[in-house]
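Report on the structure
Here is what each chain is made of, one letter per residue.
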Amino acid sequence: MTRSRAQGHRRRLRLVVATVLFSLLTVGLALSPEAPVAHAAVNLVTNPGLETVDPATGFPSCFEKSGYGDNDSTFTVTGASGAHSGSHAVEIGITRLTSGDRKTMMLENACAPAVAPDHQYDLSLWYRTTSANSVLTMFRHDTTDGWVFWTDLNTLAVTSTYQRAEVRTPAVPAGTDRITWGATLYGTGTLATDDYAMVDATVPDPGPDPCTTDPNGPACVGKWQVVEMPSPVRAIHSVLLRNGKVLLIAGSGNDRDAFAAGTFKTTVFDPVNYTYTDVPTPADFFCAGHVQLQDGRVLVLGGNKDYASADGTVGYKGLKTSYVFDPETMTYTRTNDMIAGHWYPSATEMGNGDVVALGGLDENAAGTVINERFDYTSGTWKGCCDKQTWSFWGLYPAAILLQDGRLFYSGSHVFGVGLSGTGASVYNYDTGTITDVPGLRKKDERDQSMSVLLPPAQSQKVLTIGGGNHTVSPDAHRLTDLIDLTAASPSYVAGPDLPQGTYADGTAQTGDQGKVYVSAVILPDGKVLETGGALHTYREDPVFEASTYDPVSNTFHAGLATDPVPRTYHSSALLLPDGRVLTVGNNPGDGSFDRRISIYSPPYLFRGDRPQITSVASTQWAYGSTQRITVDRTVTKASLIRPAAVTHSSDPNQRYVDLPMTVDGTTVDLSLTGNPNLAPPGWYMLQVVDAAGVPSTSTWVRIGGTQTAAAHVQPFADDLATPKPAKKKPAKAKGVKVPQGYDGCDHTYGKISQCVPWTFPAMAKADRCDWLAGHKLAALKVNGRDRLGLDTNKDGTACGRGDKGVQGLSRPVLP
């Protein structure tokens, strides 16, 4: 062995036996070319110094050239002068990039390091790069599904000299036996890597599972509390503010009398002191859109210009006004108007802080075909008419921001059927193209289903849960569908069926009975709580059931404690900073409104003392930076959760951003993604979780601001059908005609708050009155044409005592 090779070997040996704390880029922390030895461990990487070169390929053994997309790139095996130590390193160069990336990765064979489920591993390498678009990337081998993308780890800071990057993986999922990892370049420039290391940083024993000894105890099923003082408003909308309080917006609250009187309401609920503070409300925000802006204020857009006419000939009308709520001053301030009216619009924050709004009904009760964009910098809505598709997106279309800046319409919506085609699509706002995404089952039965960008956001997986549509089927279903949006050709696949619950009388759900009006809340432990809902989309037959969904195992954990308050139409749920979950709202078909608030303490709050974040170096975080915190004990994961803004089973901005960790005792460095599309700018809840799955109370931090970064994308939608081009501008930007009763109800019968379905389940006409009576809809005033033939004696009352078929009211009806 030559002297230079021997020196390089000794340096690599020191790296093999050392796991070292290193910060990439952090407020108050400096990059260091060398670091002290932390502890000895076995390096699990084969050919870690890249010194052995395969003669057949000319590339280091056990490593490969990887990547995809349209770009001009090179892979160079350097000599000693380009290495960190020894004789070789690998340098990637990209001179032109339209899409994709290039990676130096470990081979997906016996070279891939073996791992154990539930263990965590410290990965490190030495690197230098001229590009801010460099990141550590990891794949895992699932014993059932084969090799799958796992996650992007920390972003690598620009450096002209070799620096060391280290990160701790999340706990290895069950069914995973090997991982591969390496370095990715997804922008123009160069990225050189050398001296890889991977050591086991085994997760501490979480202790015995409390469910084995007390399966019905709070440590296993959680616990609900109903707040003694009900809300003073009919809360249609729920928004978590950056001060930890909850904005509850009613507007007229689905109350025609309140609308006629101009009585519009908002209150702010304090979940610590259980107090309410009423806020003057300038317009009817009933069924508006809302989203947090990057400075913590709340943008409220559209709302109710007028209720549908009692005879059903005219639908609800949307406002084009817009306001910003400031939690500091507790006031609404008007912005400029939108181009069109929007009743039931979605609102999604983009990676630069702007907001895109889609869908709803316009000022004439037609389907809004004008997309809107709120410019955060100027605080105004942009004018018409660039970036338009002239497409109707339905009501509250779930439009989730993806890592490449496009929007994913998941198929979740409110009222009516889904959009034409497959029912789900990818929308590129900048090019005005729409690409259908296949696989969503029962796409026209997704009324008030809920879609969630699953933890972590880096995985780009969406779960769509439940839903219904009584114009198609009498009962809500229990289907869930899962899509991996990093796949080359993304398509929904069947997820596990939604667990079933019981009705108010204790009767258990059977067969395919599921839930509509379902709420889904991302929790700090990386799971998703689903709760509330009803069997029917006409607000009856509440279902008492709650479970958690685990994205890692793709399974539901059923049998959690259930909310004692029914949660059907106009209900919502959100995560509080202390880890509890708040639920509010219930608006049955009789027009009443349950104003009680429930608060759920999940099982993790009964599993021992909570870890604490004892210090945060900064609460202002830049993209691609490393942020230092201290904790009071060993923690296994850290994350950012965006505060909720939810209504009608819709919160397209909800997301959980993983923060890869570099750990030195109780000092933890957290790596924030460099991609603002993964974590749009704004205030987030920061929390850590210990080995027992117990989370800390959240600390508020603000990420982004004026900074932007390039998008990092996996192969996405490249092989799908050709995108639909933007439609030509119509002569007049009129809304599209929607079917009468687009909200699924025939308002020619009964009060405006009552809902007779436009299409009945298969049954004889003579049985319809029995069916309606079973849902508290007998003896209804006929306000116009008796379209359904329910007033057979023509006395102005449908399904009255003298009408044909009413004599069978004593027969059993649907539960």
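All values reported here derive from a predicted model rather than from experimental measurement.

1. Considering the overall build of the protein chain
- The helix and strand tally for the protein chain stands at 4 helices and 52 strands.
- Across the 815 residues of the protein chain, 61% fall into the buried class.
- Relative to all contacts within the protein chain whose residues are 6 or more apart in sequence, the contacts with residues 24 or more apart total 65%.
- By element, 51% of the accessible surface of the protein chain is carried by carbon and sulfur atoms, the whole surface being about 28,500 Å².

2. Observations concerning the sheet that holds strand 45 (residues 645–646)
- One open sheet holds the 5 strands; their spatial order is 15-14-13-12-45, and the pairing between them is antiparallel. Lying at the two open borders of the sheet, with one neighbouring strand each, are strand 15 (275–280) and strand 45.
- Two strands pair when backbone bridges link them, and strand 13 (residues 246–251) and strand 14 (residues 265–270) are joined in this way by 5 bridges, in the antiparallel orientation. Across the sheet, residue Ile249 finds its bridge partner in strand 14, namely Thr266.

3. Comments concerning the nonpolar core
- With 50 residues, the main nonpolar core has Val246, Leu248, Phe269, Leu575, Val581, Leu582 and Ile597 as its most contacted residues.
- Ignoring any residue separated from it by four or fewer positions in sequence, one finds Leu575 in contact with Leu240, Val521, Ile522, Leu523, Pro524, Arg580, Val581, Tyr604, Ile641 and Met685.
- By size, the runner-up hydrophobic cluster in this structure holds 34 residues, among which are Ala424, Ala457, Ile483 and Val688.

4. So, empty space enclosed by the protein
- Overall, the coordinates contain 13 cavities of 30 Å³ or more when judged by the stated rule.
- Looking at the largest cavity, its volume works out to about 100 Å³.
- Lining the largest cavity are 14 residues; nearest its centre among them are Val135, Asp152, Thr155, Thr673 and Leu678.
- When residues of the lining of the largest cavity are assigned to their parent elements, the largest contribution, 3 residues, is made by strand 7 (residues 146–155).
- Considering only residue class, the lining of the largest cavity consists of 5 nonpolar, 8 polar and 1 charged.

5. Some details on the pairing of strand 48 (residues 667–671)
- The element strand 48 is largely enclosed, with a buried count of 5 among its 5 residues.
- Residues of strand 48 alternate between two faces, with Thr667, Asp669 and Ser671 on one and Val668 and Leu670 on the opposite face, all of them buried.
- As paired elements, strand 43 (residues 626–631) and strand 48 share 5 bridges and run antiparallel to each other. Residue pairing across strands places Arg628 opposite Asp669, the latter belonging to strand 48.
- Relative to strand 48, strand 47 (residues 661–664) is paired through 4 bridges, and the arrangement is antiparallel. Residue pairing across strands places Met661 opposite Leu670, the latter belonging to strand 48.

6. Considerations on the pattern of salt bridges
- Here the structure, examined in full by the defined rule, presents 25 salt bridges.
- Asp481 is the partner of Arg441 in a salt bridge, and the nearest nitrogen-oxygen pair spans 2.9 Å. A residue pair is termed long-range when its members are at least 10 positions apart, and Arg441 in the loop between strand 29 (433–436) and strand 30 (450–453) and Asp481 in strand 32 (residues 480–484) qualify at 40 residues.
- For Asp481, a relative accessible area of 0% gives the class buried.
- A salt bridge links Lys515 to Glu545; its shortest N-O distance comes to 2.6 Å. One end of the pair, Lys515, is in the loop between strand 33 (493–494) and strand 34 (519–522); the other, Glu545, is in the loop between strand 35 (528–531) and strand 36 (546–550), with 30 residues separating them in the sequence.

7. Brief notes about the packing of aromatic side chains
- The tally for this structure, following the rule as stated, stands at 26 aromatic pairs.
- Taken together, a centroid distance of 5.0 Å and an interplanar angle of 35 degrees make the contact between Phe269 and Tyr276 tilted.
- Judged by its relative accessible area of 0%, Phe269 falls in the buried class.
- Classification of Tyr276 as buried rests on a relative accessible area of 19%.

8. Some points on the sheet that holds strand 21 (residues 331–334)
- In space, the 4 strands of this open sheet follow the order 16-17-20-21, with antiparallel pairing throughout. The sheet terminates laterally at strand 16 (289–292) and strand 21, the two strands that pair on one side only. Within the sheet, the average angular offset between the axes of one strand and its neighbour, ignoring direction, is 25 degrees.
- As paired strands, strand 17 (residues 298–301) and strand 20 (residues 322–326) are joined by 4 bridges and run antiparallel to one another. Its bridge partner lying in strand 20, Leu301 is registered against Ser322.

9. Here's the deal with the environment of Gln458
- Relative to the helices and strands, Gln458 is located in the loop between strand 30 and strand 31 (461–465).
- Residue Gln458 is classed as buried on the basis of its relative accessible area, which comes to 5%.
- Through-space distance from the C-alpha of Gln458 to that of Arg655 is 9.8 Å; in sequence the pair is 197 residues apart.
- Among all residues touching Gln458, those that are not within four sequence positions of it are Phe149, Thr151, Asp152, Gln403, Tyr656, Val657, Asp658 and Leu678.
- In this structure the side chain of Gln458 is engaged in a polar contact, spanning 2.9 Å, whose partner is the backbone oxygen of Asp658.

10. Focus: the side chain of Glu445
- Examined against the element boundaries, Glu445 turns out to sit in the loop between strand 29 and strand 30.
- Among buried charged residues, Glu445 stands out as having no salt bridge; its nearest opposite-charge side chain is Lys442, 4.3 Å away.
- Setting aside residues up to four positions removed in sequence, Glu445 forms contacts with Gly466, Gly467, Gly468, Asn469, Val472, Ser473 and His477.

11. Some remarks on the state of the cysteines
- What the rule picks out here adds up to 3 disulfides.
- Here Cys211 pairs with Cys220 through a disulfide, and the sulfurs are 2.1 Å apart. The chirality of the disulfide connecting Cys211 with Cys220 is right-handed, given an S-S dihedral of about 110 degrees. In this structure, Cys211 and Cys220 share a single accessibility class: buried.
- Here Cys769 engages in a disulfide with Cys799; their sulfurs sit 2.1 Å apart. On the sign convention where negative means left-handed, the S-S torsion of about -80 degrees between Cys769 and Cys799 marks this disulfide as left-handed. Of this pair, Cys769 sits in helix 4 (residues 768–773) while Cys799 sits in the segment after strand 52 (797–798), and the two are 30 residues apart along the sequence.

Thresholds applied
- Residues numbered from 1 in each chain as written.
- Predicted model: local features only at pLDDT ≥ 70, side-chain atom pairs only at ≥ 80, totals over all residues.
- Heavy atoms only, no water.
- Helix = DSSP H or I, 4+ residues; strand = E, 2+ residues; numbered from the N terminus.
- Buried < 20%, exposed > 50% of the residue type's maximum accessible area, 1.4 Å probe, protein only.
- Contact = heavy atoms within 4.5 Å.
- Areas by Shrake-Rupley, 256 points an atom, 1.4 Å probe, with all protein chains shown as cover.
- Pairing = 2+ DSSP bridges.
- Core = buried A, V, L, I, M, F, W, Y, C linked by side-chain atoms within 4.5 Å.
- 1 Å grid on protein atoms, 1.4 Å probe; cavity = no way out; pocket = protein on both sides within 12 Å on 5 of 7 lines; lining within 4 Å.
- Points joined across faces, edges and corners; volume = space filled by probe spheres on them.
- Nonpolar A, V, L, I, M, F, W, Y, C, P; charged D, E, K, R; others polar.
- Salt bridge = Lys/Arg side-chain N within 4 Å of Asp/Glu carboxyl O.
- Phe/Tyr/Trp six-rings, centres within 6.5 Å; stacked < 30°, edge-to-face > 60°.
- Axes fitted to C-alpha atoms, helices over the stretch in contact; angles between N-to-C directions.
- Polar contact = N/O pair within 3.5 Å; in protein donor to acceptor, adjacent residues only side chain to side chain.
- Lys, Arg positive; Asp, Glu negative; His and termini not counted.
- Disulfide = S-S within 2.5 Å.

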